Amino acid sequence: MSPPPSPPPGAAFLECTGTGATFPSERLAGLSPAGKPLFARYDLDSLRGRFTPAAVACRVPSLWRYEEVLPVRDRAFRVTLGEGFTPLVDSPRLARELGVGRLRIKDEGQNPTGSFKDRGLCMAVSRAFELGVRELAIPSAGNAAGSTAAYGAAAGLPVHVVVPDDTPLPILAEIRALGADLQLLRGLIGDCGRVVRERCDRDGWWDLSTLKEPYRVEGKKTMGYELFEQLGGRLPDAIVYPTGGGTGLIGMWKAFAEMEALGWIGSERPRMFSVQSDGCAPMVRAWEAGLEAAPVWEDAETYAAGLRVPGAVGDFLILRAIRESGGGAVAVSDREMERWVGRMGAATGIFAAPEGGATAAAVPRLMEMGLIHGGDEVVLFNTGSGLKYVGMAPGGSRA
Ligand SMILES: *Cc1c(COP(=O)(O)O)cnc(C)c1O
């Protein structure tokens, strides 16, 4: 008897994360009618036993090795610059300094534009390209704009970005060099989002804002699959993740559920920890208060551009993942981030973004709180390269 044929690549349908209502995956989609993010769902039952760690093991060292659970159907529409499959660096000296059993750093600074935004935007741009989008737009705190500029240029599609006027200079230089239309705004990412939305309505641009289309999270979720592969077929005890819009944390949580449905893992999960800046900590405040959604943070300020996100459309998904995993959320100051960028660098050789420094700064706090223990195997996410923040000083202003 021959096995049934594999399902075609791509998502089977889209599902509202608020109501569970389903929608076709072959049309462009933004938020659900309920105003919540949409998730791509795959025919995981049919993939069980075919899409396995062994099948993936000798594939390309990029996030496209997980193509069965990615939304792009036709390989011709993959826009790729070598994103993903970043090193998971064993860091015994930093582990000793922090007093944890084993510590690894997932070094996302090694993505094509120096941040993990490349994962999400590579996927969202590819899928939009496949579905016929001709013009891309994004509001960003910085790195997402650089990634969109890169993947738009690679696809040959025009890109419009709107960013705060105090975005780090290396990121502005990158956006300009990659040929994107750049608009600077006095304000925060939410203000940039309003400008983008107007132009999308008026001029037919396609809005790639965090979780407002279903596919950036699909790119980001590959971090969860990679952790499992790079740890030789298991997951760590704890993941410490610098959280802005939360796409990466939400994505990994989704990946773990998929991996369980595929038979890769059981019901065990790493404890998920969100780190934010004490100048913008809506998730920490909501977690401490036991809320299911996070009220917007007023007067957000931090030099960690990726963490300057006062309100996140996926707030309820972030908080749910943290709680269900037995994790937590903690805020650190810009000064602590800066100090830990230095300590992490000296102990590992990795020049981390402030957001990466924040994850190390969070560990002593989480240990004091009894949420991370001395024997734990911990993974810190360095989400970007320190090179993208040259000239920025703690507090949010340029040096
Ligand atoms: C965007 C960004 C973050 C926050 O990521 P989310 O998945 O949106 O929470 C963290 N670090 C860096 C360097 C970023 O660019």
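Here, the structure is the one placed above.
Residues numbered from 1 in each chain as written. Predicted model: local features only at pLDDT ≥ 70, side-chain atom pairs only at ≥ 80, totals over all residues. Heavy atoms only, no water.

### Re the side chain of N143
Relative to the assigned elements, N143 resides in helix α5 (residues 143-155). Taking the relative accessible area as the measure of exposure, N143 reaches 9% and is therefore buried. A distance of 3.3 Å separates the side chain of N143 from the side chain of K388, its partner in a polar contact. A polar atom in the side chain of N143 sits 3.0 Å from the side chain of Y389. Sequence-distant contacts of N143, defined by excluding residues within four places in its chain, comprise S115, K117, I171, K388 and Y389. (Helix = DSSP H or I, 4+ residues; strand = E, 2+ residues; numbered from the N terminus. Buried < 20%, exposed > 50% of the residue type's maximum accessible area, 1.4 Å probe, protein only. Polar contact = N/O pair within 3.5 Å; in protein donor to acceptor, adjacent residues only side chain to side chain. Contact = heavy atoms within 4.5 Å.)

### So, the site of the ligand
Around the ligand, a shell composed of 17 residues is seen, among which K117, Y241, G244, G246 and T383 lie nearest. Between K220 and the ligand, the recorded distance is 3.1 Å, taken from a side-chain N or O atom to an oxygen atom. Between the ligand and the protein, one listed contact pairs an oxygen atom with a backbone N or O atom of T247 at 3.1 Å. Among the detected pockets, the ligand sits in the largest pocket. If you list the elements that add at least two residues to the shell around the ligand, you get β10 (238-242) and α9 (247-261). (Near = heavy atom within 4 Å. 1 Å grid on protein atoms, 1.4 Å probe; cavity = no way out; pocket = protein on both sides within 12 Å on 5 of 7 lines; lining within 4 Å. Sits in = over half its atoms within 2 Å of the grid points.)

### Quick notes on empty space enclosed by the protein
Scanning the model with the defined rule gives one cavity of 30 Å³ or more in all. Reported here for the largest cavity is a volume of approximately 40 Å³. What lines the largest cavity is simply L28, A29, A124, R127, A128, L131, W206, E213, P214 and Y215. If one sorts the elements of the lining of the largest cavity by residue count, helix α4 (residues 117-130) sits on top with three residues. Here the lining of the largest cavity is composed, by residue class, of eight nonpolar, no polar and two charged. (Points joined across faces, edges and corners; volume = space filled by probe spheres on them. Nonpolar A, V, L, I, M, F, W, Y, C, P; charged D, E, K, R; others polar.)

### A closer look at the nonpolar core
Ranked by internal contacts, the top residues of the largest apolar core, which has 89 residues, are F51, Y225, M252, F256, M259 and W264. Ignoring sequence-local partners within four residues, the contact set of Y225 consists of F51, Y66, V69, A255, E258, M259, L262 and W264. In terms of nonpolar packing, the next biggest core, distinct from the first, is built from 35 residues, L94, Y303, V332 and A361 among them. (Core = buried A, V, L, I, M, F, W, Y, C linked by side-chain atoms within 4.5 Å.)

### Here's the deal with the state of the cysteines
Counted under the stated rule, the structure contains zero disulfides. C192 forms no disulfide, and the closest cysteine sulfur to it belongs to C200, at a distance of 13 Å. (Disulfide = S-S within 2.5 Å.)

### Notes on the layout of surface pockets
Empty pockets left among the atoms are what a rolling probe the size of a water molecule brings to light. Estimates place the volume of the largest pocket at around 750 Å³. Lining the largest pocket are 44 residues, with I189, T210, G245, V309 and G311 positioned closest to its centre. Of all the elements in the fold, those that place two or more residues in the lining of the largest pocket are α5, α7 (189-203), α8 (216-230), β10 and α9. In terms of residue count, α7 provides more of the lining of the largest pocket than any other element does, six residues in total. Residues of the lining of the largest pocket, tallied by class, amount to 18 nonpolar, 18 polar and eight charged. Here the lining of the largest pocket spans two domains, and each of domain 2 (88-113 + 217-389) and domain 3 (117-207) adds at least three residues to it. Put simply, the second largest pocket is a space of about 250 Å³. Every residue lining the second largest pocket is counted, 14 residues in all, and those nearest its centre are F39, R41, W253, L317 and R320. Of the residues forming the lining of the second largest pocket, the biggest block, five residues, is contributed by α9. Its residues assigned to classes, the lining of the second largest pocket comprises seven nonpolar, one polar and six charged. (Domains from an automatic or database assignment.)

### Quick word on the environment of L136
You can see L136 is positioned in strand β6 (residues 136-139). Since its relative accessible area comes to 0%, L136 is described here as buried. Taking the C-alpha atoms as reference points, L136 and P158, separated by 22 residues in sequence, lie 6.2 Å from one another. With sequence-adjacent residues up to four places away left out, L136 is seen in contact with V125, A128, G152, L157, P158, V159, H160, W206 and L208.

### Things to note about the packing of helix α12 (residues 334-348) against helix α13 (residues 354-368)
Between two packed helices, the angle of one axis relative to the other and the distance separating the axes together describe the packing. With their axes 7 Å apart at the nearest point, α12 and α13 run at an angle of 95 degrees to one another. On the basis of their axis angle, the class for α12 and α13 is roughly perpendicular. Together, E336, M337, W340, V341 and M344 of α12 and P354, G356, G357, A358, T359, A360, A361, P364 and R365 of α13 make up the contact between the two elements. A breakdown of the residues in the contact of α12 with α13 according to their chemical character gives nine nonpolar, three polar and two charged. (Axes fitted to C-alpha atoms, helices over the stretch in contact; angles between N-to-C directions. Parallel < 35°, antiparallel > 145°, perpendicular 65-115°, else oblique.)

### Some details on unusual backbone geometry
With a phi angle near 60 degrees, L211 is a residue other than glycine that sits in the positive phi range. Within the secondary structure layout, L211 lies in the loop between β9 (206-207) and α8. The backbone of D299 shows a phi angle near 55 degrees, a positive value even though the residue is not glycine. Looking at D299, the relative accessible area reads 72%, which means it is exposed.

Spatial relationships are all this shows, so hold off on functional conclusions.
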